[in-house]
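Listed below, chain by chain, are the residues.
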Amino acid sequence: MTAVAVQLPVGFAGGAADAWPRPRTFPRAEELERGVDVLPGVGPMVKKRLERLGLRTVGDLVGYKPRDYQRPLAETRIADLRVDEEAAIAGTVRSATVRKPRRRLTILKAIVEDGSGGITATWFNQPWLEGKLTSGTWVRLRGVLRRGEFNVKSYDLGEGEATADYAAIYPASEEITAKKLRELVGAALPRSFADPLPAPLKQEDSLPARADALWALHRPRSPEEAEAGRRRLAFDELLFLQVGLARLRRERETEVAPALAAPGELVGRYRDVLPFRLTEHQERAIAEIDADLERTMPMQRLLQGDVGSGKTVVALYALLRAVEAGRQGALMAPTETLAEQHFLTLDEPCRQLGVSCALLTSSSPKRERDLAPQGDIVVGTHALIQEGVQLDNLAVAVVDEQHRFGVEQRKALTEGRTPHVLHMTATPIPRTLALTVYGNLAVSEIAKPPANRKPIITAWVTEERSADAYSRLRKHLDGGRQAYVVCPLIEESETSQARAAEAEAERLRRGELRGYGVGLLHGRLRPADRRDLMARFKAHELDVLVATTVIEVGVDVPNATIMIVQEADRFGLAQLHQLRGRVGRGAEQSYCLLISRAREDLTDSAVSRLEALVRTTDGFELAEVDLDIRGGGHLLGTRQSGLTDLRFAHLRQDRRLLERARALADDLVDVEGPLQDEVERLFEGRDLAAG
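So, how was this worked out
- Residues numbered from 1 in each chain as written.
- Predicted model: local features only at pLDDT ≥ 70, side-chain atom pairs only at ≥ 80, totals over all residues.
- Heavy atoms only, no water.
- Helix = DSSP H or I, 4+ residues; strand = E, 2+ residues; numbered from the N terminus.
- Buried < 20%, exposed > 50% of the residue type's maximum accessible area, 1.4 Å probe, protein only.
- Contact = heavy atoms within 4.5 Å.
- Areas by Shrake-Rupley, 256 points an atom, 1.4 Å probe, with all protein chains shown as cover.
- Pairing = 2+ DSSP bridges.
- Right-handed = clockwise from strand over helix to strand, strands pointing away.
- Salt bridge = Lys/Arg side-chain N within 4 Å of Asp/Glu carboxyl O.
- Axes fitted to C-alpha atoms, helices over the stretch in contact; angles between N-to-C directions.
- Parallel < 35°, antiparallel > 145°, perpendicular 65-115°, else oblique.
- Left-handed = near helix turned anticlockwise from the far one by under 90°.
- Nonpolar A, V, L, I, M, F, W, Y, C, P; charged D, E, K, R; others polar.
- Phe/Tyr/Trp six-rings, centres within 6.5 Å; stacked < 30°, edge-to-face > 60°.
- Core = buried A, V, L, I, M, F, W, Y, C linked by side-chain atoms within 4.5 Å.
- pLDDT = per-residue confidence, 0-100.
- Arc of directions from axis to C-beta.
- Patch = residues over 30% accessible without salt bridge, like charges linked within 9 Å, V, L, I, M, F, W, Y side chains within 5 Å.
- Lys, Arg positive; Asp, Glu negative; His and termini not counted.
- Charge placed at Lys NZ, Arg CZ, Asp CG, Glu CD.

What follows is about the overall build of the chain. Along the chain, the regular secondary structure elements total 22 helices and 22 strands. For the chain, the proportion of its 691 residues judged to be buried stands at 55%. Summarising the internal contacts of the chain: among those between residues at least 6 apart in sequence, 73% fall at separations of at least 24. Summed over its atoms, the accessible surface of the chain is roughly 29,800 Å², and 47% of this surface lies on carbon and sulfur atoms.

Burial along strand β19 (residues 518-521) is two-sided: the face carrying V518 and L520 and the face carrying G519 and L521 are both buried. Sheet topology places β19 next to strand β20 (residues 544-547); four bridges connect them, and they run parallel. Directly across from L520, in β20, lies its bridge partner V546. The handedness of the β19 to β20 crossover, carried by helix α16 (residues 527-538), is right-handed.

A few words now on the pattern of salt bridges. Here the structure, examined in full by the defined rule, presents 41 salt bridges. The salt bridge involving R146 is made with D84; its shortest N-O contact spans 3.0 Å. You can see R146 sitting in strand β7 (residues 138-146) and its partner D84 sitting in the loop between β3 (68-69) and β4 (86-102), a full 62 residues away along the chain. Since its relative accessible area comes to 42%, R146 is described here as partly exposed. The network of salt bridges with common partners includes E227, R230, R231 and D654.

Contact geometry of helix α5 (residues 210-218) with helix α6 (residues 223-252) gives a least axis separation of 7 Å together with a crossing angle of 130 degrees. Taken together, the axis directions place α5 and α6 in an arrangement best described as oblique. Of the two possible hands of crossing, α5 and α6 adopt the one that is left-handed. On α6, the residues touching R210, A213, L214, A216 and L217 of α5 are E225, A226, G229, R230, R232, L233, D236 and F240. Of the residues contributing to the contact of α5 with α6, the split by class is seven nonpolar, one polar and five charged.

Below, the discussion takes up the packing of aromatic side chains. Throughout the structure, instances matching the rule amount to three aromatic pairs. Taking the centre distance of 6.0 Å and the plane angle of 10 degrees together, the rings of Y64 and Y170 count as stacked. Taken together, the residues span a long stretch of sequence, with Y64 in the loop between α2 (58-62) and β3 and Y170 in the loop between β9 (168-169) and α3 (178-188) at a distance of 106 residues. There is no split in this pair, since Y64 and Y170 are both buried. Relative to Y155, the ring of W123 has its centre 6.4 Å away and its plane inclined at 75 degrees; by these criteria the two rings are edge-to-face. With W123 in strand β6 (residues 117-124) and Y155 in strand β8 (residues 149-156), this pair connects stretches of sequence that are 32 residues apart. Each member of the pair, W123 as well as Y155, is classed as buried.

It is worth spelling out the side chain of E624 at this point. Tracing the chain through its elements places E624 in helix α19 (residues 619-630). For E624, a relative accessible area of 14% gives the class buried.

The next subject is the nonpolar core. Ranked by size, the top nonpolar core spans 58 residues in total, and within it L50, L61, F235, L238, L239 and L675 carry the most contacts. Of all the elements in the fold, those that place two or more residues in this core are α1 (44-52), α2, α3, α5, α6, α13 (431-437), α21 (655-668) and α22 (674-683). Looking at this core element by element, the count peaks at nine residues for α6. If we skip the residues at most four places from it in the chain, L238 touches L646, A649, L651, D654, L657, L658 and A661.

Turning our attention to the confidence of the model for the chain. Chain-level pLDDT for the chain is 82 on average; 85% of the residues reach the 70-or-more range. Across the chain, the secondary-structure element scoring lowest on mean pLDDT is strand β1 (residues 3-6), at 31, and the one scoring highest is helix α8 (residues 280-293), at 96. In this model, residues 634-644 is a region of pLDDT below 50 whose contacts with residues beyond four sequence positions or in other chains number 37 contacts. Counting contacts from residues 687-691, a segment whose pLDDT is below 50, to residues more than four positions away or on other chains yields 28 contacts.

For helix α7 (residues 265-273), the set of buried residues is L266, V267 and Y270. Buried positions in α7, seen along its axis, are confined to an arc of 90 degrees and lie on one side of it. Projecting away from the buried face of α7 at angles above 90 degrees are the exposed residues E265 and D272. Among the structural elements, α9 (311-324) and α10 (336-353) are those in contact with the buried residues of α7.

With that out of the way, let us pick up α5. Among the nine residues that make up α5, nine are buried, leaving the element largely enclosed by the rest of the structure. Residues of α5 that are buried: R210, A211, D212, A213, L214, W215, A216, L217 and H218.

Before going further, it helps to examine the sheet that holds β6. The five strands are arranged β4-β5-β6-β8-β7 in a closed barrel whose pairing can be described as mixed. Averaged over all pairs of adjacent strands, the angle between strand axes in this sheet comes to 50 degrees, irrespective of strand direction. With three bridges connecting them, β6 and β8 associate as parallel partners. Directly across from T122, in β8, lies its bridge partner N151.

Time to look at a negative patch on the surface. A cluster of acidic residues, E463, E464, E600 and D601, forms a negative patch at the surface. Turning to its location among the elements, E600 is positioned in the loop between β22 (591-596) and α18 (604-615).

This brings us to the environment of F235. Along the chain, F235 turns up in helix α6. Given the relative accessible area of 1%, F235 is considered buried.

Put into structure tokens, the structure is as follows:
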């Protein structure tokens, strides 16, 4: 097998290349795909235990990121060692022997001496060290004195190959200890990567060789060296992802969508019927959409904004652009509730403009299902992409909450045709995450709500003060306003949630909300009953809407000015922010009261979520907080674009690396070799954001 010589470049971790006494030679990447059982000490049982940690190949071990590093210890004289106390010693090897008492167990013993005395140092299942522990070799060891021998946990042979300080601490389990993982990673490291980055790129960005970065990550001599190794590996991850997304963008350049004429009379009348002026951010988003629609390359744009910022107004503008061109527009939402809310929102202005708007869901009667595809604008759920639904004249498609659809569902909406596509998300996404998850989309942001909206005042109260919360709610009701009460989140079936909500609504009718009109909304209601209930609430025939999280998006009742969220600590940050956005839809001051258990009973992350909600109503700021709390892999609640495979990159911390990767990606699409192999490995079977 051909080998690749790699050496640490100047500038890595603040040191020069000669900080490593000699270059290392590593076999090529095929070694990484071998099973972990090629390593010493890995039999069938250990192999199974490693698999439960997601470690199946040598490459998995090499890429297993330490969660922390041991802190340095001052050296202890051998004569001063105490039993069962962790210590660091330094001395000279006098002799070393290896024995193999049974299969898959190797014991290496070396006599180490310093000026105060000598001791037997013991390693388990690391036979490759015997050749390095020759007489006269200086070593620094970290371990524990037991039964007269020094059991080595980590070591430094003076060659930069390991460190007695800053030893890696890996995510472990009861079955596989951190020490065992350290041994196995040490055995795997010599079988490292052929470097996937072109040499000029490494030189331009002063990047270390990938092999040296891996040694620095797993065997650092300082925290700075470990961080430098992580940054190189993080850059690789981000670059592979961005090159893959650039490849998707290039593929889209060969597709042809209908180029729409400049904005005309219909969208001009639409602006006239709006009861408000569009904000500066909405106007900017519309201008970006107009520029896309006038080209033959299909629009693939993400429209994101905070709760109540007016995204739907912009989305309807895009749909009307299709209608005035004699074509059709469609809006696909992930749930019937959201589709119905969108339909109710769009239908009124469409009627004023003489544009037909139809609703198509799995619950639609057959006659409506047959007629809906003929509408100028069709709003629906995944029923839009079911067999037999013909939208042959489709020019503009809007996909709302698109991360909640599977890749095949998103593809089905455009299959056999090439419309312009506008993706919407109700949850603001940090720019770093948008570049990563939606890196093949252009992004438009509506960062500010209409000027007449007052920020919602949020308070966090514990259960013993819940009576005060309901007292405040009743004052709003007595003043002619309306309210929401959100039931506790139950991690069970929709049926269980519905039953719990019914019981809670009945309790409130008999207790805190006696004498007020109380309605109940949950996911098990029939569509007709749900529409009727929402119409009654909007007409103020009901004072309070007790609901599950089905009101998270799409519900718009300006007279509702106060919300109580029960057991708020059980909800995610983005979900709470979306729920809060159901109030504050008008000009009146609105309030959101978060009720939770006592602070001392909450997790740190729950406290962080609730404190953040009280501190700010800015959804983009909250998205950054959520990114810190949960990490990018969970922020959207789905496996997207290899995001959950980002082991080394921290999206907030590594913004510059991400921007650099994004800038380089287009020029690297055609580069063959290891880089493209890594890109294909990352994207294989992935649910890509834009499908």
